[in-house]
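Report on the structure
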Amino acid sequence: MNRTFELGIEYAKKLDLQDPLRNFRERFYIREGNIYVDGNSLGLCSKDAEREILLALDDWKGNGIDIWSIKDSKYFYYPARIGAMMATLIGAQANEVTTANSTTVNIHQCAATFYKPTGERYKILMDDLNFPTDRHAVESLVRIKGYDPVDAVKIVASRDGRTLSEDDVISAMSGDVALILLPAVLYRSSQLLDMQRITDEARKRSIIIGWDLCHSIGSVAHDFAKLDADFAVWCTYKYLSGGPGSIAGLYINRKHFDKAPGLAGWFGNVKETQFRLDHRHEHSKDADGWLIGTPPILSMAGVKGALDIYCEAGMKEIREKSLHITAYLMYLIDQRLAEHGYNVGNPRDDNRRGGHVSLEHQEAYKICQALKVRNVTPDFREPDVIRLVPVALYVSYEEMYKLVDILEQIAIKKEHEAFSNVRALVV
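One structure accompanies this document, and this report is about it. The residue count restarts for each chain, going from 1 along the sequence in the order it is written. Owing to the predicted nature of the model, reporting of local features is limited to residues with pLDDT of at least 70; listing and counting of side-chain atom pairs is limited to 80 or more, with chain, interface and lining totals taken over all residues. The basis for every side-chain value is the complete set of non-hydrogen atoms in the structure, without hydrogens or water.

**Concerning the packing of aromatic side chains**
Working definition: a ring pair exists when centres of Phe, Tyr or Trp rings (six-membered ring for Trp) sit within 6.5 Å. Plane angles under 30 degrees give stacked, over 60 give edge-to-face, the rest tilted. The full count for this structure, using the stated rule, is 16 aromatic pairs. Taken together, a centroid distance of 5.1 Å and an interplanar angle of 75° make the contact between Tyr 75 and Tyr 78 edge-to-face. Measuring from centroid to centroid gives 5.2 Å for Trp 266 and Phe 275, while their planes differ by 75°, and the two rings are edge-to-face. Here Phe 275 falls in the exposed class, since its relative accessible area comes to 57%. Clustering of aromatic rings is evident, with ring pairs tying together Phe 5, Tyr 11, Tyr 328, Tyr 331 and Tyr 397. Sitting above the plane of the Tyr 29 ring, Lys 47 keeps its charged end 5.8 Å from the centroid. A ring has a charge above it when a Lys NZ or an Arg CZ is no more than 6 Å from the ring centre and no more than 35 degrees off the ring normal. The side chain of Arg 423 reaches across the aromatic face of Tyr 365, ending 4.4 Å from its centre. Buried, partly exposed and exposed residues are distinguished by accessible area as a fraction of the type maximum, computed with a 1.4 Å probe on protein chains only: under 20%, between the cut-offs, and over 50%, respectively.

**A word on a nonpolar patch on the surface**
Patch definition: residues with relative accessible area over 30% and no salt bridge; like charges joined within 9 Å; nonpolar side chains (Val, Leu, Ile, Met, Phe, Trp, Tyr) joined within 5 Å. Accessible surface is estimated by sampling points in the Shrake-Rupley manner with a 1.4 Å probe; for residues, cover comes only from the protein chains shown. Note on definitions: salt bridges are taken to be side-chain nitrogens of Lys or Arg within 4 Å of carboxyl oxygens of Asp or Glu. Taken together, the side chains of Trp 266, Phe 275 and Leu 277 make up a nonpolar region of the molecular surface, amounting to roughly 340 Å² of accessible area. On the secondary structure map, Phe 275 appears in the loop between α11 (271-274) and α12 (297-313). To qualify as a helix, a DSSP run of H or I must reach at least 4 residues; to qualify as a strand, a run of E must reach at least 2; elements of each kind are numbered from the N terminus.

**Describing helix α9 (residues 195-204)**
Listed as buried for α9 are Met 195, Ile 198, Thr 199, Glu 201 and Ala 202. Buried residues of α9, viewed axially, fall in a sector of 160°; they line one side. Looking at the buried residues of α9, the elements they touch are α8 (166-171), β5 (177-183), β6 (208-212) and α10 (224-227). Remark: Ser 206 follows α9 within two positions and exhibits a positive phi of approximately 60°. Starting at the helix axis, one direction is taken to each C-beta atom, and the arc is that of these directions. What makes two residues a contact is simply this: any of their non-hydrogen atoms within 4.5 Å.

**What to know about the sheet that holds strand β9 (residues 343-344)**
The sheet built from 4 strands is open, its strands ordered β9-β10-β13-β12 with antiparallel pairing. In this open sheet, the two edge strands, each paired with only one partner strand, are β9 and β12 (379-381). Two strands are said to pair when DSSP picks up at least two bridges between them. Bridge analysis of β12 against strand β13 (residues 385-388) gives 3 bridges, and the strand direction is antiparallel. From the neighbouring strand, Arg 381 faces β13, where its bridge partner is Val 385. A fitted line through C-alpha atoms represents every axis, and for helices the fit uses only the stretch in contact; the resulting angles, taken between N-to-C directions, go from 0 to 180 degrees. Of the strands in this sheet, β9, β10 (357-360) and β13 touch helix α13 (residues 315-336), which is tilted by about 15° from β10. Running at roughly 40° to β13, helix α14 (residues 364-373) makes contact with β12 and β13 of the sheet.

**A few points about helix α2 (residues 47-63)**
Here α2 spans 24 Å end to end across 17 residues, near enough to the 24 Å set by a 1.5 Å rise per residue. Buried within α2 we find Asp 48, Ala 49, Glu 52, Ala 56 and Asp 59. All buried residues of α2 lie within an arc of 105° about the axis, which places them on one face of the element. Opposite the buried face of α2, by more than 90 degrees, sit the exposed residues Lys 61 and Gly 62. In this fold, the buried residues of α2 make contact with α3 (70-73), α4 (78-90) and α12. The length a helix should cover is 1.5 Å for every residue beyond the first.

**A look at the sheet that holds β6**
The strand order across the open sheet built from 7 strands is β2-β8-β7-β6-β5-β3-β4, with neighbouring strands paired in mixed fashion. A strand with exactly one partner marks an edge of an open sheet, and here the two such strands are β2 (97-99) and β4 (153-156). For this sheet the average axis-to-axis angle between neighbouring strands, irrespective of direction, equals 20°. Two strands pair when backbone bridges link them, and β6 and strand β7 (residues 231-234) are joined in this way by 3 bridges, in the parallel orientation. Residue pairing for β7: Gly 210 is matched across the bridge by Phe 231. Packing of α4 onto the sheet brings it into contact with β2, β7 and β8 (249-252), and relative to β2 it is tilted by some 125°.

**What to know about the pairing of β5**
Among the 7 residues in β5, 7 count as buried, and that is most of the element. As paired strands, strand β3 (residues 123-127) and β5 are joined by 3 bridges and run parallel to one another. Bridged to Leu 125 within β5 is Ile 180. Bridge analysis of β5 against β6 gives 5 bridges, and the strand direction is parallel. Residue Pro 183 lies in a different strand from β6, and its bridge partner there is Asp 212.

**What to know about the nonpolar core**
For our purposes a nonpolar core is just a set of buried Ala, Val, Leu, Ile, Met, Phe, Trp, Tyr and Cys residues, chained together by side-chain atoms within 4.5 Å. Ile 90, Trp 211, Leu 213, Phe 224 and Tyr 328 are the most contacted members of the largest nonpolar core, which has 103 residues in total. The biggest single contributor to this core is α13, with 10 residues.

**Details of the environment of Asn 375**
Structurally, Asn 375 can be placed in the loop between α14 and β11 (376-377). On a C-alpha basis, the gap between Asn 375 and Glu 52 in space is 29 Å, while along the polypeptide they are 323 residues apart. Contact partners of Asn 375, with chain neighbours within four places excluded, come to Glu 32, Gly 33, Asn 34 and Ile 35. Polar contacts involving the side chain of Asn 375 include one to the main-chain carbonyl oxygen of Gly 33, which spans 3.0 Å. Throughout this description, a polar contact denotes any pair of N or O atoms lying within 3.5 Å of each other; where both atoms belong to protein, one of them has to be capable of donating a hydrogen while the other can accept it, and for residues adjacent in sequence the pair is counted only when both atoms sit in side chains.

The analysis is restricted to geometry; functional conclusions fall outside its scope.
This is the structure we're talking about:
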């Protein structure tokens, strides 16, 4: 979409006044004077999340073991009830989504469930740009199955080191591929893959396909009813602001409800018979059937509170703001920062871009450190990306204008030269 923007701080303030989501910012804890554009696994804390966590603590303090039975068994059914809220964010049916484990454990769960290698079909198709945990999990399962990952994990290589070609992915769907796992949005370059095209092609070849939504959930309005993928996994602590290490999300297409979970546990049992403690597993015929152990209530409470905000705001409106504010940021970069060695490294088309801007610079790591001194919170991704995430619910247009002011000053005054390239523990 072609958009027309203007320079100047007053124009940025005008955009904020026109923003239909502007009042949601008040429901987050914004550090005074800080511009928070971090995409490194932790969105800001909301007052809604705090409320739900404190409520769960009070329920524990006041009820002990009876916490599982109070309020119409709210906490006992928490995975499904929170899952139903997340289902609205990805266009899935309520019983196709649950909350469980971590992203990595959910990858293990789905791979263990759907990877059924045969003599002819035994390979898992992945890419060389996805977040490493996906690859780590898949290779470990391949080894368990007795295969060598060098042979059994088929990698689609990027042509430019930034993006993936859907043509290359489809060409790699050979007759020996049993399962595909790909990211919806690439964490470095913010490329949004054509999920529908890839999924349709996988289905034509009877290949199981799953999606990692970690960098799209909460910023991209998915439609899994139309997509008809087999499974999906995602975290809740980035855009969804569920809290540090908060519990993950899991989608299982209802057409697979009769399948036995690869990793079974007592919380995946049919609820009505769960406490009979029968050693024979009675698999619940919905996404909850893929639960493993007892859900961590305090972790889930923060997710529930954050989802109250997302469901109230609506994914259509969130996506529109996300696309608009990232387009505005790219405009400012082009107008004011290009001459200082900065470059936009993400796709520019709305239907090809996730919710963050990948700002490239050969001194990116040092600039990130200089930004932090200037009270800006970005994050860095190898080798040269300053990842900027203007979350639609709590980042303003005025902040984007001020951010570009700071980036320009850092370059002009060479402030980044005072810093080292030695990497910190968390970057």
